[in-house]
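Summary of the model geometry
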Amino acid sequence: MNASSVAAPAAEARQTPSRPTIGVLALQGDVREHIAALEKCGAEPVLVRRASELAAVDGLVLPGGESTAISKLLEAFELLEPLRARLRDGMPAFGSCAGMILLASEVLDTRPDAKHLSGIDMTVRRNAFGRQVDSFETDLDFAGLTDGPVRAVFIRAPWVERVGAEVEVLATVPSGPFAGRVVAVRQGKVLATSFHPEVTGDLRVHRMFVDLVLAA
Ligand code: GLN
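Residues numbered from 1 in each chain as written. Predicted model: local features only at pLDDT ≥ 70, side-chain atom pairs only at ≥ 80, totals over all residues. Heavy atoms only, no water.

1. With respect to the overall build of the protein
Which entries qualify depends on this criterion: Only runs of H or I of at least four residues qualify as helices and only runs of E of at least two qualify as strands under DSSP, and these elements are numbered from the N terminus. Our radius of gyration looks at C-alpha atoms and nothing else; its globule reference is 2.2 Å times the residue count to the power 0.38. Burial status follows relative accessibility: with a 1.4 Å probe on protein chains alone, a residue under 20% of its type maximum counts as buried, one over 50% as exposed, and anything between as partly exposed. Whether two residues are in contact is decided by their heavy atoms: any pair within 4.5 Å suffices. Accessible areas in this description were obtained via Shrake-Rupley with a 1.4 Å probe; residue shielding takes into account the shown protein chains only. The charge count treats Lys and Arg as positive and Asp and Glu as negative. His and the chain ends do not count. Charge placement uses NZ in Lys and CZ in Arg. For Asp and Glu, CG and CD serve respectively.
In terms of helices and strands, the protein carries seven helices and 12 strands. Taken over the C-alpha trace, the protein has a radius of gyration of 17 Å; the compact-globule value for 216 residues is 17 Å, and the two agree within 12%. Its C-alpha atoms put the protein at 60 × 40 × 30 Å along the principal axes. Relative to its 216 residues, the protein shows a buried fraction of 48%. Across the protein, the fraction of contacts at a sequence separation of at least 24, relative to all contacts at a separation of at least 6, is 64%. Here the protein displays about 10200 Å² of accessible surface, and carbon together with sulfur accounts for 49% of that area. Within the protein, the 27 negative side-chain charges are centred at a point lying 3 Å from the centre of the 23 positive side-chain charges.

2. Things to note about the confidence of the model for the protein
Selection rule: Scored from 0 to 100, pLDDT reflects the predictor's confidence in each residue.
Residues of the protein with pLDDT of at least 70 account for 91%, and the chain-wide mean is 92. Low pLDDT, under 50, characterises residues 1-16; the stretch is placed with eight contacts to residues that sit more than four places away or in other chains.

3. Focus on the pairing of strand β1 (residues 21-25)
Spelled out, the test is: The rule for pairing is simple: two strands pair if DSSP sees at least two bridges between them. A clockwise path from the first strand over the helix to the second, with the strands pointing away from the viewer, defines a right-handed crossover.
For β1, the buried fraction is high: four of the five residues fall into the buried class. Relative to strand β2 (residues 44-48), β1 runs parallel, the two sharing five bridges. Counted as the bridge partner of T21 is E44 from β2. This β-α-β element, β1 to helix α2 (residues 31-40) to β2, shows right-handed connectivity.

4. Some points on α2
Among all positions of α2, only V31, H34, I35, A37 and L38 are buried. The inward-facing, buried residues of α2 contact β1, β2, β3 (59-62), β4 (93-96) and α7 (204-215). Immediately beyond the C-terminal end of α2, within one or two residues, lies G42, with a positive phi of roughly 90°.

5. Topic: unusual backbone geometry
At E78, a position not held by glycine, the phi torsion is positive, near 55°. Following the sequence through the fold, E78 ends up in the loop between α4 (67-76) and α5 (80-88). Classification of E78 by relative accessible area gives exposed; the value is 64%. The residue D109 is not glycine, and still its phi comes out positive at about 60°. Among the structural elements, D109 can be located in the loop between β5 (106-108) and β6 (122-125).

6. A look at the UniProt feature "binding site: L-glutamine" (unreviewed entry) in the protein
We count it as follows: UniProt positions are given in the numbering used here, feature names are shortened, and annotations may be inferred rather than shown by experiment. Lining residues are defined by having an atom within 4 Å of a point belonging to a cavity or pocket. Those points lie on a 1 Å grid over the protein atoms alone, cavities being sets where a 1.4 Å probe fits but cannot get out and pockets being open sets with protein on both sides within 12 Å along at least five of seven lines. The definition of a polar contact used here is a pair of N or O atoms within 3.5 Å, where within protein one atom must be able to donate a hydrogen and the other to accept one, and adjacent residues in sequence count solely through side-chain atom pairs.
According to UniProt, the "binding site: L-glutamine" (unreviewed entry) feature falls on G65, E66, S67, R126, I155 and R156. For this annotated set, covering 92 residues, all C-alpha atoms fall within 12.7 Å of each other, a compact arrangement in space. Checked against the lining of the largest cavity, the annotated residues just named reduce to S67. Of the residues examined, G65 reaches a relative accessible area of 44% and is grouped as partly exposed. Apart from the residues within four sequence positions on either side, G65 is in contact with Q28, G29 and A98. For R126, the position within the fold is in the loop between β6 and β7 (135-140). Given a relative accessible area of 12%, R126 falls into the buried group. With residues up to four places along the chain from it excluded, the contact list for R126 reads E66, S67, T68, I101, L108, D109, T110, R111 and P158. Side-chain polar atoms of R126 contact the side chain of E66, separated by 2.8 Å.

See the structure below:
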């Protein structure tokens, strides 16, 4: 911005009292889509690959990708313990798909050496929807989001099999063979979805997360 530019800020930015710095864990997966969505929501997105970058963010998105690969990279980049510590200290986080798996306190059908972060008291089953429906889409009612259902894109997605007492279920599969399966949850400031809101252009879930960060 140059010195003479006192023009009104962008509409999105005007809505929010400040511009939170939100990291996107950038070890593997669909990082770019989250960066774009966060920017549109008025946040300042930054890539997180090292502990010093993690220390500087107000909240963190854990993208979809491959949870076992991200788990290995978290160890290789010496981010696993710093990330666990920040979650214990109350950093807001949002995990989609592989990110949901990483945020779980227990993971079924994963590799025995895969690590997770226990950001949400939940048991998640990896690749739960099975091979015939590796990928599918459906419309979901999402607690706390008005203006109609959310289009949910599932790509080799997990589901949530158990939630602790502190966890709020935000969305379930509405119909079909997987009706009732839990696919979105929140515990305090930590949010997780089995599906990928970053690929549909619907910003409501990211906005919900940015609001959690601003409230923190
Ligand atoms: N199946 C992947 C895993 O186990 C998750 C898929 C995704 O993030 N789209 O990590």
